[in-house]
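Remarks on the overall topology
Chain by chain, the residues run as shown.
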Amino acid sequence: MSTRTISGLSLSDRQRDTASVPSVTDHMTAAVFTDEPVERLQANAVVYSAARHEAWLFGDCQIMVNGEQIPTVKHVDELLGELRAFTVLALRSKGEHQSPAVAATDPARAMILPFLRLQSQFANKRGPYGYFVFDGFTDPTYPIRTVNINPGDEVVLASDGYPLLRPSLAQSERELQRLKREDPELISEYQSTKGFTPDNDSFDDRTYLRFIA
C-alpha cells in the first residue's frame, strides 16, 4: 500500500479517500456551536473604507469623528452592567463583598454569569437585546451602522477597553486610569460586567487608532 507525507503526517490511500468525509465528531461539534452559541469564538470590528468615505460598525467597537463619539454600547451590556452593580451593592450591604481590584476575585460577576451566558442567545438576532457579532453564524442581512466620513475629518477607532473615549490616546489613557482609581469595580460612572483586577491596567482589551481621512 503506497503512502505520501503531508505536513509530516503519513496518509494511506484509504485514509486519503476518507479524509474529506465529515466524521460523527464533526457533526457533534457543529451541533454544539449551533445549539450553544456561548461556545463560539466571537469578534467585533470597526472598518474604515477610504473608497466609500464610510466607517462600518460591526458590533460594539467605538468611533469618534471630529471629537464627537457615536454611541455603540449594546443594550444587553447596559442591562447586565447594571445587574452586576446591583449585585455588588447588595453583597456590600451584607458585608460579603471585596473589590476585585484588591482581592482578584469578583463574586458579583460569578453571580451574574448565568445571565452572561444567556446573552449569547441574542447574538445576531433582531430585537431589543439582539446584537451583531462575528461568530460563524453571522446574518449577512443584519443592519450595520454606517458613519459618513468626509475628507479632512479626524477619526478615532477604538475597542471598548477605552470606556471613556477621548480625542487622543493620552487623554483616553488618563481617563482610564482615573476610572481605575475612582471606580475600580466599574459600578458607578461606567457600569460594566467586570471590574479592574490588581495586575491589569485595564479591564478589557485596548486598541486605539487616530487618523485624518
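All of these numbers come straight from a predicted model, not from anything done at the bench.

1. Brief notes about the sheet that holds strand 9 (residues 208-212)
- Read across the sheet, four strands follow the order 6-5-8-9 without closing on themselves; strand pairing throughout is antiparallel. With partners counted over all chains shown, the strands left at the sheet margins are strand 6 (68-70) and strand 9, one partner each. For this sheet, the mean angle separating the axes of adjacent strands, direction not counted, is 20 degrees.
- Pairing analysis gives five bridges linking strand 8 (residues 154-158) to strand 9, with the strands arranged antiparallel. Looking at the pairing, Leu157 lines up with Leu209 of strand 9.

2. Some details on the pairing of strand 3 (residues 45-49)
- Relative to strand 4 (residues 54-58), strand 3 runs antiparallel, the two being bridged by five bridges. Directly across from Tyr48, in strand 4, lies its bridge partner Ala55.
- Linking strand 3 to strand 4, which pair antiparallel, is a turn of four residues; within it His53 sits at a positive phi near 55 degrees.

3. Regarding a nonpolar patch on the surface
- Taken together, Val32, Phe33 and Phe137 make up a surface patch of nonpolar side chains, about 230 Å² in accessible area.
- For Phe33, the location among the structural elements is in helix 2 (residues 24-35).

4. Remarks on the pattern of salt bridges
- Inspection of the entire model under this criterion finds 13 salt bridges.
- Between Asp135 and Arg40 there is a salt bridge, and its shortest N-O distance comes to 2.9 Å. Of this pair, Asp135 sits in the loop between helix 5 (107-119) and strand 7 (145-148) while Arg40 sits in the loop between helix 2 and strand 3, and the two are 95 residues apart along the sequence. Accessibility assignment for this pair places Asp135 and Arg40 in one class, buried.

5. Section: helix 5
- Given a rise of 1.5 Å per residue, 13 residues ought to cover 18 Å, and the 19 Å separating the end C-alpha atoms of helix 5 matches this to within 8%.
- In helix 5, a bend of some 50 degrees at Leu113 exceeds every other bend along the element, and Pro114, a proline, comes one to four places later.
- Those residues of helix 5 that fall on the buried side of the exposure criterion are Ala108, Ile112, Leu116 and Gln119.
- Looking at the packing, one finds that the buried side of helix 5 touches helix 3 (75-93).

6. Side note on the sheet that holds strand 3
- Reading across the sheet, the three strands line up as 3-4-7 and stay open at both edges, with antiparallel pairing between neighbours. Looking at the sheet topology across the chains shown, the edges are occupied by strand 3 and strand 7. Between one strand axis and the next, the sheet turns through 20 degrees on average, direction left out of account.

Conventions used here
Residues numbered from 1 in each chain as written. Predicted model: local features only at pLDDT ≥ 70, side-chain atom pairs only at ≥ 80, totals over all residues. Heavy atoms only, no water. Pairing = 2+ DSSP bridges. Helix = DSSP H or I, 4+ residues; strand = E, 2+ residues; numbered from the N terminus. Axes fitted to C-alpha atoms, helices over the stretch in contact; angles between N-to-C directions. Patch = residues over 30% accessible without salt bridge, like charges linked within 9 Å, V, L, I, M, F, W, Y side chains within 5 Å. Areas by Shrake-Rupley, 256 points an atom, 1.4 Å probe, with all protein chains shown as cover. Salt bridge = Lys/Arg side-chain N within 4 Å of Asp/Glu carboxyl O. Buried < 20%, exposed > 50% of the residue type's maximum accessible area, 1.4 Å probe, protein only. Expected span 1.5 Å × (residues − 1). Bend = angle between axes of the 7 residues up to and from the residue. Contact = heavy atoms within 4.5 Å.

No statement about biological role is implied by the geometric values presented.
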